[in-house]
Amino acid sequence: MLRFGVIGCGYICHVHVNDIVNNLHGAKITAIYDVNKKSAEQVISEFKLGIQPSNSIDELIESPEVDAVLVFSRNDTHTEPILKSLAADKPVFTEKPLATTVEEAKQIVDAEVKKGKRLIQVGFMRRYDPYYQELKQTIDKGEIGAPLLGYCRHFAPAPPNDYYKTSDVINDTFVHEISVISWLFNDEYQSVQVQYARPNSTNTASELQEPQVATLKLKNGAIINTYLNINSHYGYEVKCQVIGETGIAELPDMPSTRIHKDEKIYNSVPIESGGRFAKAFQLEFQDFIDHVSKGEEPAGPSAWTGYMAAITCAKATESLQTNQVVDITFGEQPDIYK
Ligand code: ISE
């Protein structure tokens, strides 16, 4: 049984801990830490973990009861526990983004390369989503010819927390498209441009300017547009359409049952990513458990993927500020990621 130490007890922690306790096999939670002790105690009692909260990140990582570390804390606090897990030679699963600055993401990659093996998996769960998988297989089999264009929609009903701001639309939300598009199209990014659209007058978050439209261009010339809207009001919706030389492949409209009732025909829409991507979250975690418990390197999205995403996010933010198309370069991929 793989023993996990959990750091950070917000929304996504509840999704993953629920899966580990109720839906997955081969792992259990033996330590938990949050800056706010009450949040850790709440998770312990909700999932009947029967443990005490750890007093610090160091205590949790160094505990002989912890084989691998799970980082679910705020986006800008991932670097410290990841680096400490590497130093302790413990595998680590971190929620996306890997880090919120290119410098920190590079520091993590350098530390992992120095170890000479992969210990980190980044929570880009869309790659495990059965619908995205099918989309990728369709493209890879050549069923729509070479992919030329893409259209994505990433909508949330409302900002997920009080401190959600303009740059989070890129670092927290668009980062999912950044991770999934280069994987789907099998190519690296050449440039990015992000623009504001007309402000949504119903937005109440003071530091949030949106909606935004992001345009990614790949080295092979394919162009992908993403509409980013954090105040959709109606729910959480993710779309992805790939236009190829001989056809179009797209995610199903809304993966939920269609209801005919009261003079209406409708699908229900989830309000959180945990609803739409429930299966993906389970599959990514089971994959992490299966590899790590056999002493293997994690097979999911690597720190290098997280680093490339961090670079692309930084360039996207620069574009938003300068109103320019910004070129992207990544440098040489270290051998451990090949
Ligand atoms: C959130 O942090 C996520 O990771 C969700 O998947 C994303 O869709 C949402 O926009 C983010 O706020």
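Just so it is clear, the model here is predicted, and its values are computed rather than measured.

Trainee: Help me out: how do you make sense of the overall build of the chain in this one?
Mentor: Secondary structure assignment for the chain yields 10 helices and 14 strands. Computed over its C-alpha atoms, the radius of gyration of the chain comes to 20 Å, within 12% of the 20 Å expected for a compact globule of 338 residues. For the C-alpha atoms alone, the extent of the chain along its principal axes is close to 55 × 55 × 40 Å. Look at the contacts in the chain between residues 6 or more apart in sequence, and 72% of them connect residues 24 or more apart. Of the roughly 15,600 Å² that the chain leaves accessible, carbon and sulfur atoms contribute 48%. Between the mean site of the 32 positive side-chain charges and the mean site of the 45 negative ones, the chain shows a separation of 1 Å.

Trainee: What should I look at first to understand the state of the cysteines in this one?
Mentor: Structurally, a disulfide amounts to a covalent bond that connects the sulfur atoms of two cysteines. Using the criterion set out here, one finds zero disulfides in the structure. This cysteine, C240, is not joined by any disulfide, and C152 carries the nearest cysteine sulfur, 4.0 Å off.

Trainee: When you look at the side chain of R276 in this model, what are you seeing that I'm missing?
Mentor: Assignment of secondary structure puts R276 in helix α8 (residues 273–276). For R276, a relative accessible area of 11% translates into the label buried. A distance of 3.0 Å separates a polar atom in the side chain of R276 from a polar atom in the side chain of D129. The contact partners of R276, leaving out residues within four places of it in the chain, are D129, Y131, Y236, L251, P255 and P270.

Trainee: When you look at unusual backbone geometry in this model, what are you seeing that I'm missing?
Mentor: Residues K96 and P97 are joined by a peptide bond in cis, for which omega reads -10°. Between E210 and P211 the backbone carries a cis peptide bond, its omega angle lying at 5°. The topology assignment puts P211 in the loop between β7 (189–196) and β8 (212–218).

Trainee: Would you take a moment to explain the sheet that holds strand β3 (residues 68–71) for this structure?
Mentor: An order of β2-β1-β3-β4-β5 is seen for the five strands of this open sheet, with the pairing classed as parallel. A single partner strand is all that each edge strand has here, and the edge strands are β2 (27–33) and β5 (120–122). Averaged over all pairs of adjacent strands, the angle between strand axes in this sheet comes to 20°, irrespective of strand direction. Judged from the three bridges that link them, β3 and strand β4 (residues 92–94) form a sheet pairing that is parallel.

Trainee: Honestly, the nonpolar core in this entry has me stumped. Any pointers?
Mentor: The nonpolar side chains of a soluble globular protein tend to be buried, and buried together. One finds F4, Y132 and L184 to be the most contacted residues of the largest nonpolar core, which totals 102 residues. Beyond its immediate chain neighbours, meaning those up to four positions away, Y132 contacts R126, V180, W183, L184, V238, C240, L251 and F277.

Trainee: I'm lost on helix α2 (residues 37–46) in this one. Help?
Mentor: Since the α-helix advances by 3.6 residues per turn, residues separated by three or four positions end up pointing in the same direction. Turning to α2, its buried residues are S39, A40, V43 and I44. Buried residues along α2 cover an arc of 140° about the axis, so they all sit on one side. Exposed and facing more than 90 degrees away from the buried side of α2 are K38 and S45. For α2, the secondary structure elements touched by its buried residues are α1 (11–23) and β2. Where α2 terminates, the next one or two residues include K48, which has phi positive at roughly 45°.

Trainee: Please clarify how the packing of α1 against α2 should be interpreted in this entry.
Mentor: The packing of two helices is summarised by the inter-axis angle and the distance between the axes. At a minimum axis distance of 11 Å, the contact between α1 and α2 shows a crossing angle of 25°. Taken together, the axis directions place α1 and α2 in an arrangement best described as roughly parallel. The two elements α1 and α2 meet at a crossing, and its hand is right-handed. Two secondary-structure elements touch here, α1 through C13, H14 and V17 and α2 through Q42, V43 and E46. Here the residues of the contact of α1 with α2 are counted per class, giving three nonpolar, two polar and one charged.

Trainee: I'm lost on the packing of aromatic side chains in this one. Help?
Mentor: The description of two aromatic rings rests on the distance between their centres and on the angle between their planes. Counting across every chain of the model gives 12 aromatic pairs. With 5.6 Å between their ring centres and 75° between their planes, F93 and F288 make a pair best called edge-to-face. In this pair, F93 is assigned in strand β4 and F288 in helix α9 (residues 278–293), connecting sequence segments 195 residues apart. For F93, a relative accessible area of 0% gives the class buried. The exposure class assigned to F288 is buried, which follows from its relative accessible area of 0%. Between the aromatic rings of F285 and F288, the centroid separation amounts to 6.3 Å while the plane-to-plane angle is 70°, which identifies the pairing as edge-to-face. Placement of both F285 and F288 in helix α9 is noted, with a separation of three residues, approximately one turn of the helix.

Scoring rules and cut-offs
- The residue numbering used here restarts from 1 in each chain and proceeds along that chain's sequence as written.
- Only residues with pLDDT of at least 70 are given local features in this predicted model, and only at 80 or more are side-chain atom pairs given and counted; all residues enter the totals for whole chains, interfaces and linings.
- Based on all heavy atoms of the structure, the side-chain values leave hydrogens and waters out of the count.
- Only DSSP runs of H or I covering at least 4 residues are called helices, and only runs of E covering at least 2 are called strands; the numbering of each starts at the N terminus.
- In this treatment the radius of gyration is a C-alpha quantity, and the globule benchmark scales as 2.2 Å times the residue count to the 0.38 power.
- Whether two residues are in contact is decided by their heavy atoms: any pair within 4.5 Å suffices.
- Areas reported here follow the Shrake-Rupley algorithm with a probe of radius 1.4 Å; residue values treat only the protein chains shown as occluding.
- His residues and chain termini do not enter the charge count, which takes Lys and Arg as positive and Asp and Glu as negative.
- The atoms used to mark charge sites are NZ of Lys, CZ of Arg, CG of Asp and CD of Glu.
- Two cysteine sulfur atoms make up a disulfide if the distance between them is within 2.5 Å.
- Summary of the burial criterion: residues with accessible area below 20% of their type's maximum are buried, those above 50% are exposed, and those between are partly exposed, where the area comes from a 1.4 Å probe applied to protein chains only.
- Any N or O atom pair separated by 3.5 Å or less is treated as a polar contact, with the protein-specific requirement of one donor-capable and one acceptor-capable atom, and with residues adjacent in sequence counted only for side-chain atom pairs.
- Strands are labelled as partners when DSSP assigns at least two bridges between them.
- An axis is simply a line fitted to the C-alpha atoms; with a helix, the fit covers only the stretch in contact. Between two such axes, the angle follows the N-to-C directions and lies from 0 to 180 degrees.
- Residues enter a nonpolar core if they are buried and are Ala, Val, Leu, Ile, Met, Phe, Trp, Tyr or Cys, with the set joined through side-chain atoms within 4.5 Å.
- The arc refers to the directions leading from the helix axis to the C-beta atoms.
- Roughly parallel means an angle under 35 degrees; roughly antiparallel, over 145; roughly perpendicular, 65 to 115; everything else is oblique.
- Definitions for this section: a left-handed crossing has its near helix turned counterclockwise from the far helix by less than a right angle. A right-handed crossing has that turn clockwise.
- All amino acids are sorted into three groups, where Ala, Val, Leu, Ile, Met, Phe, Trp, Tyr, Cys and Pro are nonpolar, Asp, Glu, Lys and Arg are charged, and the leftover types, Gly among them, are polar.
- Note on ring pairs: Phe, Tyr and Trp rings are taken, using the six-membered ring of Trp, and paired if centres are within 6.5 Å. Classes follow the plane angle, with under 30 degrees stacked, over 60 edge-to-face and the rest tilted.

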